[in-house]
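Each chain, letter by letter, is given below.
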Amino acid sequence: MDFETILYAVDGPVATITLNRPEQLNTIVPPLPDEVEAAVGRAVAERAVRVIVLRGAGRSFCAGYDFGGGFKAWDEQIATDGEWDAGRDFAFATAPQSAPTQKLMSVWRAPKPVIAQVHGWCVGGGSDFALCADLVVASEDAQIGTPYSRMWGAYLSGMWIYRLGLTRTKFHALTGRPLSGRAAADAGLINEAVPFAELEARVAELAAELARIPSSQLAAMKLIVNQAYENMGLASTQTLGPILDGLMRNTPEARAWIARADEEGVRAVVEERDGPFGDYSQGERPDPRNVIEP
């Protein structure tokens, strides 16, 4: 199978899935969720593979869903006669067969451990995706956050909630404040943060460590931990999140924001959104020299 938006490679017991839209900071567009799901399925089917590594090509892991043009890339699934259709959006966003969130959640459901290798921007839906992995290792200067907390979205996978805990989640949910890779590790949102120069080597070391353990043992331990969170209501959270996300993309304020983005450019409205907070485009940024070559 040839992929348009990702790369898939196997080296010994490790399969690597690389988001491959580097010029667009690996933003999520069709068919990326379908291709991730297919690649995860391939890795699960290959008996020699024991560990899956998830990463992004270029300067970032993933800058979230591409909202250029007002989400028009998804119109076939969520619009009728060119206008947002709340019923179609709801059905699309919650059905396991079509929902992008559920397709990206294939890394959660896979019986093999998944390590997310995060660098650069890991924001919006990109952060929801990365946090579905079993282990997350980031470069210290990575920026992880949900700018949609301020406009045009809602938590999708719920992983911010389950990984971070009530007190910290409420702060980041309400303010949209990002964390650096180092701050995310210190807060317990992710597992580790290392200098970018050490990132690939650390992920490879961790993958090799896991690959020494029998696949059945890894699958059993992953299943028992995941099931505990499923019992806490993960599926319900993931049903509500995409529904709210659709609604928040179509409030009067959100429609006006997207209209202005079409007229003035995405950069202009993002700068206005982030300006009062002094973060994302207006604050600390990942080092643009830190590039992953696929």
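Residues numbered from 1 in each chain as written. Predicted model: local features only at pLDDT ≥ 70, side-chain atom pairs only at ≥ 80, totals over all residues. Heavy atoms only, no water.

1. Quick notes on the overall build of the protein chain
Part 1: Each helix and strand in the protein chain was counted, giving 14 helices and 11 strands.
Part 2: Expected size for 294 residues packed as a compact globule is a radius of gyration near 19 Å; at 18 Å, the protein chain falls within 12% of this value.
Part 3: Along the longest, intermediate and shortest principal axes, the C-alpha atoms of the protein chain span 55 × 40 × 40 Å.
Part 4: Relative to its 294 residues, the protein chain shows a buried fraction of 51%.
Part 5: Long-range contacts, defined as pairs at least 24 residues apart, comprise 73% of the intrachain contacts of the protein chain with a sequence gap of at least 6.
Part 6: For the protein chain, the exposed area adds up to about 13100 Å²; of that, 55% sits on carbon and sulfur atoms.
Part 7: Both charge centroids of the protein chain, one from 27 positive and one from 38 negative side chains, sit 4 Å from each other. (Helix = DSSP H or I, 4+ residues; strand = E, 2+ residues; numbered from the N terminus. Rg over C-alpha atoms; globule rule 2.2 N^0.38 Å. Buried < 20%, exposed > 50% of the residue type's maximum accessible area, 1.4 Å probe, protein only. Contact = heavy atoms within 4.5 Å. Areas by Shrake-Rupley, 256 points an atom, 1.4 Å probe, with all protein chains shown as cover. Lys, Arg positive; Asp, Glu negative; His and termini not counted. Charge placed at Lys NZ, Arg CZ, Asp CG, Glu CD.)

2. Focus: unusual backbone geometry
Peptide bonds are mostly trans, and most non-glycine residues show a negative phi.
Part 1: A cis amide bond, omega 0°, links proline 30 with the succeeding residue proline 31.
Part 2: Of note, proline 31 is situated in the loop between strand S2 (14-19) and helix H1 (32-45).
Part 3: Although it is not a glycine, leucine 25 adopts a positive phi angle of roughly 55°.
Part 4: The backbone of tryptophan 152 shows a phi angle near 80°, a positive value even though the residue is not glycine.
Part 5: Tracing the backbone shows tryptophan 152 in the loop between strand S9 (143-145) and helix H7 (159-164).

3. Some details on helix H13 (residues 252-264)
Part 1: With 13 residues, H13 should reach 18 Å at 1.5 Å per residue; the first-to-last C-alpha distance of 18 Å fits that figure.
Part 2: Along H13, the residues classified as buried are Ala254, Trp257, Ile258 and Ala261. Taken down its axis, H13 places every buried residue within 95° of arc, on the same side. Projecting away from the buried face of H13 at angles above 90 degrees are the exposed residues Pro252, Asp262 and Glu263.
Part 3: Packing partners of the buried residues in H13 comprise helix H12 (234-248) and helix H14 (266-274). (Expected span 1.5 Å × (residues − 1). Arc of directions from axis to C-beta.)

4. Quick word on the nonpolar core
Part 1: Leu19, Phe61, Val118, Leu189 and Ile190 are the most contacted members of the largest nonpolar core, which totals 62 residues.
Part 2: Ranked by size, the runner-up nonpolar core spans 15 residues in total, among them Val53, Val137, Phe196 and Leu206. (Core = buried A, V, L, I, M, F, W, Y, C linked by side-chain atoms within 4.5 Å.)

5. Some words on the sheet that holds S9
Part 1: Across the sheet, three strands lie side by side as S7-S9-S10; this open sheet has mixed pairing. Strand pairing shows two members of the sheet lacking a second neighbour, strand S7 (121-123) and strand S10 (179-180), which therefore form its edges.
Part 2: Where S9 meets S10, two bridges bridge the pair, whose relative direction is antiparallel. Considered in S10, the bridge of isoleucine 144 is made with leucine 179. (Pairing = 2+ DSSP bridges.)

6. A short note on the environment of valine 44
Part 1: Its location among the elements puts valine 44 in helix H1.
Part 2: Considered as a pair, valine 44 and proline 111 are 67 residues apart in the sequence and their alpha carbons are 7.2 Å apart.
Part 3: Not counting residues up to four positions away in its chain, the partners in contact with valine 44 are Ala110, Pro111 and Lys112.

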